[in-house]
Amino acid sequence: MKRKIVITALSLFALLSAGWVLRLAAKQQTRKINTAPAPPLRVEPAKESDVTGKTVAAARALLATLDDAGRAKVSFAFNSDQKSKWSNLPVGIYKRNGLRWGDLGAAQREATLKLLGAALSKQGLQKVKEIMEGDETLRTSDSGRGGGPIFGRDEYYLALLGAPSLTEPWMIQFGGHHLAINLTIVGKSNVLTPSLPAAQPATYKLNSETVRPLGRENDKAFALINALDAAQQKQAILPYQVSELVLGAGEDGKTIEPEGVKVSALNAAQKEKLLDLVNEWVGILNDEAATAKNAEIKANLPDTWFAWSGPTTQGSAAYFRIQGPTLFIEYSPQRMRGSGGLDLNHIHTIYRDPTNDYGARLVKR
Amino acid sequence: MRRLLFWLLCASAICMTAPAHALDQYLQIAQIALAPDGARVELRLIPGVQVADRVFALIDVDGDGQISSAEEQAYARRVLQDVALEVDGRRAPLALTGIQFPSRREMNEGVGAIRLDLAAEAALGAAGEHQLSFRNDHLPELGVYLVNALVPTTSEIKISGQARDPFQREMRLRFHGAPEDTRGLWPWTGALMLCLCLALFFSQWKRLRQYLRRCMEIRNHIV
């Protein structure tokens, strides 16, 4: 009897010890999992006939128009710190590297536009041009601020990180004041995050036509918030003012706690409006890659959030944010001087993928 | 002449930037990260062009036009006095863990960010519901505030609610602490119980076999 008690006690002690050790090991493992990045995505090699193939050809054609000095100026190593050197600030305040649009000859400009045209959608390229023209308007406006080298369409820069390739990762970076296009290409996959399309003035006249580079974003967002019922609006509208992007330039690798209304609470028509709004950012990219990204965002809709700050009347200035597992969009009208109110004519936006900025899930670590 | 040209260019850049960005305010961005052993606050303070001189004067107390290391430390301590962190209603003292100051030129251009890294020790991962509040009262007459909580990088903490005042000077977070120790206990307790049952089963195997045999004999007898 005594022997049995001893054996049972020893067994219990051994079991408890083993359990404790295993539990500690599991704890360490859990921590690793929680801090680990999202799992890598499969990379499919590109063909010359698909979008990547056409973009690679356009990039090589552009490089062929440059002399050695030009090629050296535009080329950076894929893993160089140039990757995160972008901003909404104007040139002169924030130094950019690469080829300056104003220094390019006609053939080189045409080749650059062909490259952007191959990589982006038709509406994406149009948006880029409108943001650049808006900056030109800012430079030449007769309100006494123009004339200098800080603003204007000449102050946009192109950089290529890595050699254009059908298989190896490379990146197109194009930006200046209120614009940062960061397109990472790995095989067939094209990733547009992080990118920053912004505008000032957000409405201007060009050849007597009214141009609003971010007009559809604004109008579709107001249509969405007004399509929500009172209870949904109560959840979506944040009771505080937001006067700047939370995760703008320089905020790589961060994820904030989501807020607002969960998209799972929206009906089918409201969800369609939200997806249509999201496509204003996703659709800057070529149609092939944008379709794949939109499908991913649609699949993640139940875990996506929509938040709003400001009035809901069309024509007023309001901030909004759409946040999901693989999506982060902010639209932020800037504060007016002195008044403290938000300015509808000066807008910053950001488009990120918290799991895949700069193609992090496609690039071998 | 070149120097004059440089300063003229700088001045024109500032004049032209002013309309492009709201620079008459002191943007103060706080990002709060929760961890099982405490909270970390990243503060970025960006004075706009039109208030840069005023903020610079607060830092450059001896007025020599330069920011010395001692002046950086003194200003950081001043900011530290203006911010407060509370956990479960009790003040959690914030300590300065990092300081980064921009150049005078960057501040003049309205793009210089003063970065202060703050940290407070607290058992945020302790089991149960908790509350954390952060308040920034630094230069409210100039300040425009943004405060956000980052998604915790551990599953031991789950944020369940957040609230702010209309100007984002104050943020209150509700979160749940679930230490791995507690959460991991149930499966192991289950495994232990199973082992005990098996140990009991095998230790009583002889008696059980005898009982089963007797049952079989009775059954055969009846049949």
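Conventions we followed
- Residues numbered from 1 in each chain as written.
- Chains lettered and ligands numbered in written order.
- Predicted model: local features only at pLDDT ≥ 70, side-chain atom pairs only at ≥ 80, totals over all residues.
- Helix = DSSP H or I, 4+ residues; strand = E, 2+ residues; numbered from the N terminus.
- Expected span 1.5 Å × (residues − 1).
- Buried ≥ 20, exposed ≤ 12 C-beta atoms within 10 Å, placed from the backbone.
- Arc of directions from axis to C-beta.
- Pairing = 2+ DSSP bridges.
- Axes fitted to C-alpha atoms, helices over the stretch in contact; angles between N-to-C directions.
- Contact = placed C-beta atoms within 7 Å.
- Domains from an automatic or database assignment.

Chemist: How should helix α4 (residues 106-119) of chain A be read in this particular structure?
Modeler: Helical geometry: 3.6 residues make up each α-helical turn, so side chains three or four residues apart lie on a common side. Residues and elements named next belong to chain A. In a regular helix each residue adds 1.5 Å, so 14 residues correspond to 20 Å; α4 covers 20 Å between its end C-alpha atoms and thus fits that length. Considered for burial, the residues of α4 that qualify are A111, T112, L115, L116, A118 and A119. For α4, the arc enclosing every buried residue in end-on projection is 160 degrees, short of the 170-degree limit, so these residues lie on one face.

Chemist: What am I meant to see in the sheet that holds strand β9 (residues 157-164) of chain B here?
Modeler: Where strands meet in a sheet, backbone hydrogen bonds hold them as pairs that are either parallel or antiparallel. Residues and elements named next belong to chain B. The five strands lie next to each other as β4-β3-β7-β10-β9, forming an open sheet whose pairing is antiparallel. Looking at the sheet topology across the chains shown, the edges are occupied by β4 (90-91) and β9. Strand direction decides the pairing type here: strand β3 (residues 83-87) and strand β7 (residues 128-136), joined by five bridges, are antiparallel. Paired with L85 across the two strands is F134, which belongs to β7.

Chemist: What exactly am I supposed to notice about the sheet that holds strand β6 (residues 114-121) of chain B here?
Modeler: Residues and elements named next belong to chain B. Reading across the sheet, the five strands line up as β5-β6-β2-β1-β8 and stay open at both edges, with mixed pairing between neighbours. The open sheet is flanked by β5 (95-100) and β8 (143-149), the only strands paired with a single partner. Shown here is a sheet whose adjacent strand axes are inclined to one another by a mean of 15 degrees, direction ignored. Bridging between strand β1 (residues 26-35) and strand β2 (residues 38-47) involves 10 bridges; their strand directions are antiparallel. Paired with Q31 across the bridge in β2 is E42. Sheet contacts for helix α3 (residues 69-82): β2, β5 and β6; angle to β5, the most-contacted strand, approximately 130 degrees.

Chemist: How should the domain arrangement of chain B be read in this particular structure?
Modeler: Interface size, as often reported, equals the accessible area lost upon joining of the parts. Considered domain by domain, chain B is made up of domain 1 (21-180) and domain 2 (184-222). Here domain 1 of chain B and domain 2 of chain B have C-alpha centroids that lie 62 Å from each other.

Chemist: Before we go on, may I ask you to explain the pairing of strand β12 (residues 319-324) of chain A in this structure?
Modeler: Each regular strand displays side chains that alternate between the two surfaces of the sheet. Residue and element names in this part refer to chain A. With six of six residues buried, β12 lies mostly within the body of the structure. Residue alternation in β12 divides its side chains into two sets, Y319, R321 and Q323 and F320, I322 and G324, and both sets are buried. Where β12 and strand β13 (residues 327-335) come together, five bridges link them in antiparallel fashion. Bridge assignment links Q323 to a residue of β13, and that residue is F328. In sequence, β12 turns back onto β13 through a hairpin of two residues.

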